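Fold and geometry: a report
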Amino acid sequence: MRDLPWPARVYLVAVIGAAAALMARSVIVSGTLVAPEDLDVLLVLALLFLVCESMPTLLNVEQFAVSVSFSAALAAVVLIGPEGAALVGLTAVLSVRPGLPLIKRLFNGAQFAICGYAAGRVYEGLGGQVGVPQVNAFDDLIGPYAAATAVFVPLNIALTLIIVGLATRVRATEVPMRGMAQFLLSYLGYGTFGLLVAGLWATVQSISAVLVLLPLFVARWAFGQYHAQQRSYDATIAALCQAVETKDYYTRGHCTRVSLASSMIAQEIGMGPERVRAIRYAGMLHDVGKLGVPTKVLQKDGPLTEEEFAAIQLHPMRGLEIVRGIGFLDEAYAGIMHHHERHDGTGYPMGLAGDEIPEFAKVIAVADAFDSMTSDRSYRGARPVAEALDELRKTAGTHFDPVMVTAFIRALDREPWQPPRKVEAPPPDETPIKDHDDPTMPIQVVTGQ
């Protein structure tokens with residue numbers, strides 16, 4: 001806990017204190033947390049919760065994991081009420097996850113207890129009956145249970161995101177809202193397992209927990225497979241980017257920044273999550289074709305010959321050849337192939353114009369040029385963001401699609417661009433004087449050789 005910033009420490013104490021206060025209040029008012037006849041239900045649900053909580057699925061966020069254990073707490077809302085749901089959630093303190101510090105166990109138990117209690121109160125407030133449901137009265141539980149789930153899941157996510165934000169100082173603008181909405185909807189879906197446990201309890205009692213345990217672990221496995229696949233994709237893309245930037249060192253970090261800017265434009269124009277993911281990959285790999293361009297051409301000090309310039313112009317097509325076998329790229333292929341096409345038809349490799357240019361390529365063209373202008377190069381310093389945006393405005397309709405330029409400017413109004421740190425100048429014998437990504441720096445070509 002000593003490593004946490006003081007706001008995170010204050011928040012931790014507040015959450016743990018709030019959970020303790022809820023428990024104490026229930027004991028004072030009712031004299032007990034759970035009726036003796038409900039102890040067997042509490043034990044089974046707490047065990048189900050503990051098993052799921054001890055085997056979470058790791059996400060792409062460092063030291064962050066999720067589980068579907070909350071379904072057991074939601075089942076407790078129906079079967080033993082708010083206090084019982086709080087006690088079931090509190091068993092997160094006993095999680096046997098290896099390497100999990102005590103302070104994290106305490107926080108998890110406290111926030112689950114708060115969520116369970118709040119969901120239970122909502123359930124009761126909307127007329128939900130606490131106890132083993134009767135078969136003929138099961139329909140009456142669905143509405144109150146849905147409301148309880150709609151309280152539990154967002155509250156659980158909010159409490160967790162707050163501590164993550166305070167502990168890591170992640171800004172709210174850095175949280176991917178579209179991905180978070182998808183995550184929230186999937187969690188609401190998994191909440192139906194709790195209703196299934198409560199419904200089965202009327203006929204098979206404690207065996208219902210065992211029957212539901214299998215689909216819960218299938219859900220956990222699906223979570224794990226999805227995120228393992230995403231990590232594998234990201235590792236593949238990162239390896240290719242590193243290879244490009246090792247060969248063409250003056251653009252190090254360029255791929256990552258183009259990917260970020262492309263995602264901003266894509267979200268601004270309303271692309272869905274899958275297309276945003278694809279364009280993020282396209283931004284990372286847009287210059288992968290440089291692997292097929294001789295290094296001496298990329299770093300040549302002086303005008304290019306016609307043959308050398310032709311090699312530069314072929315790099316989008318070479319990029320497509322390199323990544324053609326990577327199936328998950330989807331529309332990214334078009335972005336990689338055509339990101340140097342110009343709106344007026346004077347670009348390369350195919351001279352497409354206007355609506356002939358794929359949407360992904362239009363997005364990446366703007367992001368690519370903007371980062372090139374706002375990054376340090378060995379032959380010049382980074383241009384101010386305002387100056388780069390003025391250049392994009394001036395060339396909208398000739399070099400770039402005006403819609404994409406406008407969308408990018410709107411996105412930057414909400415989320416200001418953070419220019420990359422200043423880079424050290426390369427040795428004099430490696431200083432290039434060209435930049436085919438910068439629209440203000442035409443490449444010199446020597447003809448007649």
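On a predicted model such as this, the values are computed, not experimentally measured, just so you know. The numbering scheme is per chain: residues are counted from 1 as the chain's sequence reads. For this predicted model, a pLDDT threshold of at least 70 governs which residues receive local features, and a threshold of 80 or more governs which side-chain atom pairs are given and counted, while totals over whole chains, interfaces and linings are taken from all residues. Only hydrogens and water are set aside when side-chain values are computed; all heavy atoms of the structure are taken into account.

This brings us to the UniProt feature "transmembrane region" (unreviewed entry) in the chain. Sites flagged by UniProt as "transmembrane region" (unreviewed entry) map to residues 12–35, 41–61, 73–96, 145–168, 180–201 and 207–223. Taken end to end, residues 12–35 comprises 79% helix and 0% strand; its first and last C-alpha atoms sit 30 Å apart. Only DSSP runs of H or I with at least four residues qualify as helices, and only runs of E with at least two residues qualify as strands; both kinds are numbered from the N terminus onward. Along residues 145–168 one finds 100% helix and 0% strand; the C-alpha atoms at either end are 34 Å apart. UniProt positions are given in the numbering used here, feature names are shortened, and annotations may be inferred rather than shown by experiment.

Another point: empty space enclosed by the protein. Points on a 1 Å grid over protein atoms alone make up a cavity when a 1.4 Å probe fits among them but cannot get out, and a pocket when they form an open set with protein on both sides within 12 Å along at least five of seven lines; lining residues each have an atom within 4 Å of a point. Grid points are joined across faces, edges and corners, and a volume is the space filled by probe spheres set on the points. A complete count under the given rule lists 2 cavities of 30 Å³ or more for this structure. Of the voids in this model, the largest cavity is the one considered here, and its volume is about 50 Å³. In terms of lining residues, the largest cavity is bounded by H338, H339, E341, R342, H343, I357, A361, K362, A365, H399, F400 and D401. Looking at which element gives the most residues to the lining of the largest cavity, the answer is helix α15 (residues 359–374), with 3 residues. Amino acids outside the nonpolar list (Ala, Val, Leu, Ile, Met, Phe, Trp, Tyr, Cys, Pro) and the charged list (Asp, Glu, Lys, Arg) are all regarded as polar, and Gly is one of them. Residues belonging to the lining of the largest cavity are distributed by class as follows: 4 nonpolar, 4 polar and 4 charged.

In what follows, a disulfide is any cysteine sulfur pair within 2.5 Å. This structure, assessed with the given rule, holds 0 disulfides. Sulfur of C255: no disulfide; nearest cysteine sulfur belongs to C241 and is 4.2 Å away.

Of all the residues in helix α13 (residues 315–323), the buried ones are H315, P316, G319, L320 and V323. Down the axis, α13 shows its buried residues gathered within 150° of arc, on one side only. A 1.4 Å probe rolled over the protein chains alone gives each residue an accessible area, and that area as a share of the maximum for its type sets the label: buried under 20%, exposed over 50%, partly exposed in between. Working definition: the arc comes from the directions between the helix axis and the C-beta atoms, pointing outward to the latter.

A few words on the nonpolar core. Most often, soluble globular proteins have nonpolar side chains that are buried together. Counting residues in each nonpolar core, the largest one holds 53 residues, and the members touching the most others are L45, F49, F70, V88, Y123 and F152. Elements that contribute at least two residues to this core include exactly α1 (6–30), α2 (39–53), α3 (70–90), α4 (102–125), α5 (139–168), α6 (177–190) and α7 (192–204). For this core, the element with the highest residue contribution is α3, accounting for 14 residues. What F70 contacts, discounting residues up to four positions off in sequence, is F49, F112, F152, V153, Y187, Y190 and G191. To qualify as a nonpolar core, a set must consist of buried Ala, Val, Leu, Ile, Met, Phe, Trp, Tyr and Cys residues joined through side-chain atoms within 4.5 Å. Residues V244, F360, V366 and A411 belong to the second largest nonpolar core, which totals 47 residues. Contacts: residue pairs with any heavy atoms within 4.5 Å of one another.

Working definition: rings of Phe, Tyr and Trp (its six-membered ring) pair if their centres are within 6.5 Å, and the pair is stacked with planes under 30 degrees apart, edge-to-face with planes over 60 apart, and tilted otherwise. Enumeration according to the criterion identifies 8 aromatic pairs in this entry. Both rings, one in Y11 and one in F107, keep their centres 6.1 Å apart while their planes meet at 45°; by these two values the pair is tilted. Taken together, the residues span a long stretch of sequence, with Y11 in helix α1 and F107 in helix α4 at a distance of 96 residues. Given the relative accessible area of 5%, F107 is considered buried.

Moving on, we get to the side chain of H399. With respect to the element layout, H399 can be found in the loop between α16 (385–395) and α17 (402–414). Under the relative-accessibility criterion, H399 is labelled buried at 17%. In protein, a polar contact means a hydrogen-donor-capable atom and an acceptor-capable atom, both N or O and within 3.5 Å, with residues adjacent in sequence counting only if both atoms are side-chain atoms; elsewhere, any N or O pair within 3.5 Å suffices. One polar contact links H399 to R342, side chain to side chain, over a distance of 3.4 Å.

Turning next to the side chain of S263. The residue S263 is located in helix α9 (residues 254–268) in this model. Those residues within four positions of S263 in sequence are excluded, and the remaining contacts are V276, I279 and R280.

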